[in-house]
Amino acid sequence: MRTFTGKLVIWLLGGATLLLTGLGVVCNDYSRREDQSEYMALSKSLTHRLELTLPHGVWQLDEPYLRQLLDAELAWSAVEAIRIQGDAGLNLGRIRDGRAVRDMTPADQPEADDRLSVAITYLKQEQLAQATVYLSRESLRLKEQQRRLDLLLQVLLLDGGLWLLLRYALQRHLRQPLGQLRQQLEKALDQSAPEPAADNTGAISQEFAPLLDSARRLGEQRRLDLATLQRADARAQEEKQRAQQAFQQLELAQQTLEESENLATLGRLGADVAHEINTPIGVTLSTASSLANTTHYLTESLNAGTIKKSEFLDYLAHTEESCQLLLSSAERAADLVHSFRQIAQDQTGETRRQFPLTAYLEEIVRNLKPQPESANLDIELHGELDVLMDSYPGALFQVVSQLLENATLHAFQPGQRGRIRLESALRGARHVRISVSDSGCGIAPENRDRVFEPFFTTRGGQEHRGLGLYLANSKARQPLGGTLTVASRPGQGSVFTLDIPCQAPF
């Protein structure tokens, strides 16, 4: 309210001041023109009087008479001095010096705004002398200045009176009623205050009764809205708690699925290793059985005394060949067991260690080759041999093996010939890029943006839960600290690209 009334008073006073100032300027301009007209009229009258009165005194050279005439004209405040110069060395003048009037000396040069030259002639025929009148407009300027001061004083007095009147009127007829209305509105909005009686509104009831009624309805609506908001907030808190519980359950389920997926990977890896190790063990068994039979036959011949030198030499050659075959098969089996044990250790724990990238990728490919689905597939490995990783090999195994398995299961039809290319290369000094590309059927455009979503699969069933690429993407981000992307066109194969740092984040 103070701001509103203050602005109202300022506008009213400003308008009144501008109006009074405009009127004063107009009046002052009119008075100034009147003064100018009066000044010009007096100048003409002065010239006329001097033309009539001075010739007689100049003709008679009556200086006292001339002084009296000049002093009489100096009674007009605009006249500063009058000098008469004529024949026979006549040089007489009177000048105003403060309040006194004295004779002019030849050195006196009065400052004047206007100068009047009056020719003094005798009988309008012969010029006797020349009178010079020095006029000043100082009195006009003083009058104009006084009028301006009077105008300023009038404006200030009128503004002061108007300000007092407006303050009284606003206080009496606006602030007091609105203050009472504010009190009634506060009572209407106060939840704990009792409903105000109709006769308590006093003098403002007739003017502000509709506003008070609206305020009561507003207060009631506010209480209803507050109750509704409280109920909605309570429901929101309940929904938030249920969402948090569901999120916790989802995280637990995701962790369980990841563990089951890891176990399933280990199970498939164990089956693959068992299939792969079966060959060197079979060779070892058959070689050992052949060597045992040959040794038994040679022993019987030795006991019977029928052994020949050639048979003994053949036995020695067969024994040497068998030993080499047994040794190579045993080394092959030992390498497979060591590789499986290292990968199993990496799978069961997030162990961070240093390892050569290409050699580790070779172990991954070697352990995944025996799958039946990959019988007609060629898996090519290309990589730089000098890349040393300081990362989590278990997570890297899960990502790469899942990409290879995904290409094996989804890129080709059963029995179809195809090629899968696993390639690694340095990207700068601290990053590597591992890509798995295939020559298969590609990914449909509507599925390309969904391949990393959990539980999304194009082959529904018990064996395909749609978590492989989702877990691979998760492992690529954490703990490997990289990104996994896909590019594919129908009929032109797919390329999965893994960009990771050589040193994984801690």
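Here, the structure is the one placed above.
These figures come from a predicted structure and were not determined experimentally.

Some remarks on the sheet that holds strand 3 (residues 100-103)
Two orientations exist for strands paired in a sheet by backbone hydrogen bonds: parallel and antiparallel.
Phase 1: Strand order in this open sheet of 5 strands is 3-2-1-5-4, and the pairing throughout is antiparallel. The sheet terminates laterally at strand 3 and strand 4 (114-122), the two strands that pair on one side only. Going across the sheet, the axis of each strand differs from the next one's by a mean of 15 degrees, ignoring polarity.
Phase 2: In the sheet, strand 1 (residues 79-86) pairs with strand 5 (residues 126-135) via 7 bridges, with the strands oriented antiparallel. From the neighbouring strand, Q85 faces strand 5, where its bridge partner is Q130.
Phase 3: Seen against the sheet, helix 2 (residues 63-73) touches strand 1, strand 2 (90-97) and strand 3 and runs at an angle of roughly 35 degrees to strand 2.

Notes on the pairing of strand 3
Phase 1: Relative to strand 3, strand 2 is paired through 4 bridges, and the arrangement is antiparallel. Note on strand 3: the bridge partner recorded for I95 is R102.
Phase 2: Connecting strand 2 to the next strand, strand 3, in antiparallel fashion are 2 residues, including G98 with a positive phi near 70 degrees.

With respect to the packing of aromatic side chains
Phase 1: In the structure shown here, the tally under the stated rule is 3 aromatic pairs.
Phase 2: Centre to centre, the rings of Y39 and W76 are 6.0 Å apart; their planes meet at 45 degrees, and the pair counts as tilted. With Y39 in helix 1 (residues 2-60) and W76 in the loop between helix 2 and strand 1, this residue pair connects regions lying 37 residues apart in the sequence.
Phase 3: Measuring from centroid to centroid gives 5.1 Å for F355 and Y360, while their planes differ by 50 degrees, and the two rings are tilted. Grouping residues by exposure puts F355 and Y360 together as buried.

Some words on the sheet that holds strand 12 (residues 494-501)
Phase 1: Read across the open sheet, the 5 strands follow the order 7-9-10-12-11; overall the sheet is mixed. The open sheet has two free edges, formed respectively by strand 7 (377-382) and strand 11 (483-488), since each of these has just one partner strand. If you compare each strand with its neighbour and ignore which way they point, the axes differ by 15 degrees on average.
Phase 2: Note that strand 9 (residues 418-427) and strand 10 (residues 431-438) share 8 bridges and pair antiparallel. The residue bridging A425 from the neighbouring strand is R433, located in strand 10.
Phase 3: On top of the sheet, helix 7 (residues 393-410) reaches strand 7, strand 9, strand 10, strand 11 and strand 12; it is set at about 175 degrees to strand 12, its chief contact.
Phase 4: In this fold helix 9 (residues 468-477) packs onto strand 11 and strand 12, with an angle of close to 135 degrees to the strand it touches most, strand 11.

Digging into the pattern of salt bridges
Phase 1: Per the counting criterion, the structure on display carries 21 salt bridges.
Phase 2: Note that D71 and R94 form a salt bridge whose closest N and O atoms lie 2.8 Å from each other. Taken together, the residues D71 in helix 2 and R94 in strand 2 connect sequence positions 23 residues apart.
Phase 3: For the salt bridge of E144 with R148, the shortest nitrogen-to-oxygen distance reads 3.0 Å. Linking E144 with R148, this pair stays in helix 3 (residues 138-189), spanning 4 residues, or about one helical turn.
Phase 4: Judged by its relative accessible area of 16%, E144 falls in the buried class.

Thresholds, definitions, all that
- Residues numbered from 1 in each chain as written.
- Predicted model: local features only at pLDDT ≥ 70, side-chain atom pairs only at ≥ 80, totals over all residues.
- Heavy atoms only, no water.
- Pairing = 2+ DSSP bridges.
- Helix = DSSP H or I, 4+ residues; strand = E, 2+ residues; numbered from the N terminus.
- Axes fitted to C-alpha atoms, helices over the stretch in contact; angles between N-to-C directions.
- Contact = heavy atoms within 4.5 Å.
- Phe/Tyr/Trp six-rings, centres within 6.5 Å; stacked < 30°, edge-to-face > 60°.
- Buried < 20%, exposed > 50% of the residue type's maximum accessible area, 1.4 Å probe, protein only.
- Salt bridge = Lys/Arg side-chain N within 4 Å of Asp/Glu carboxyl O.

Any functional reading would require information that these geometric values do not contain.
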